Amino acid sequence: MPEPERRRPVRWRPWLRALHRDIGYVAVGLTFVYALSGLAVNHIADWDPNFDNYEARHQVAVPLPEDDHAAADKVLAELALTGPPTEVYRSDARELSILLDGSTLHVDLDSGVVLEDGQRPRLLLRIANWLHLNRGKKAWTYIADGYAVFLLFLAASGLFMLPGRKGLVGRGGVLVLLGIAVPVLYVTLSGGP
């Protein structure tokens, strides 16, 4: 009687590794966006992650016209700034304030000294923060949810990539427990919710 043919075990780890690798590649771009934005937003008390605040000092020729709007036009022309001001007003008898989109000019009408303070957007970081904070963007919610599912898959599939002592039943399991312990200890020691 012939010996029954033995079924070879299904080799699922190579398939898991391939899927893990490909999904990981897809997630890389989003991971950069979320990680950089997360670092920036975590330190919002130390700096403005969306704008670069600046101050500058300029000099314009005096005397300036007595009419506030005429004086503002002359200052803007001398500083080669385009676009109409959003507001022009006297801060006091001898100081004219000119509000522009993104900056304010404080003009000393006697000396012609102009102090400028304003902000320039941090282009890439501002966009990353806008996406990360996901305010009022229903379509982006679906992308962010898909990304979260990818991360969950990557975390779960990573648990089973290696068999034996280096995998989940050995060293990997200890490291997983360490990763779980970090937020648990933090919440416990900080008196969290």
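See the structure above.
Residues numbered from 1 in each chain as written. Predicted model: local features only at pLDDT ≥ 70, side-chain atom pairs only at ≥ 80, totals over all residues. Heavy atoms only, no water.

A word on the nonpolar core. In this structure, Leu64, Val75, Leu96, Ile98, Leu105, Val107 and Val114 are the most contacted members of the largest nonpolar core, which totals 15 residues. Sorting the residues of this core by element identifies α2 (68-78), β3 (95-100) and β4 (103-108) as the ones contributing at least two each. The leading source of residues in this core is α2, at four residues. Excluding its chain neighbours within four sequence positions, the residues that come into contact with Val114 are Ala56, Arg57, His58, Val60, Val75, Leu79, Leu105, His106 and Val107. Counting nine residues, the second-largest nonpolar core is a separate cluster that includes Leu30, Tyr34, Leu131 and Leu154. (Core = buried A, V, L, I, M, F, W, Y, C linked by side-chain atoms within 4.5 Å. Buried < 20%, exposed > 50% of the residue type's maximum accessible area, 1.4 Å probe, protein only. Helix = DSSP H or I, 4+ residues; strand = E, 2+ residues; numbered from the N terminus. Contact = heavy atoms within 4.5 Å.)

Now for the pairing of β3. Two strands pair when backbone bridges link them, and strand β2 (residues 87-92) and β3 are joined in this way by five bridges, in the antiparallel orientation. Looking at β3, one finds that Glu87 is bridged to Leu99. Inspection of the sheet shows β3 paired to β4 by six bridges, in the antiparallel sense. Of the residues in β4, the one forming a bridge with Leu100 is Ser103. Taken together, β3 and the strand that follows it, β4, pair antiparallel across an intervening segment of two residues, in which Gly102 is found at a positive phi of about 100 degrees. (Pairing = 2+ DSSP bridges.)

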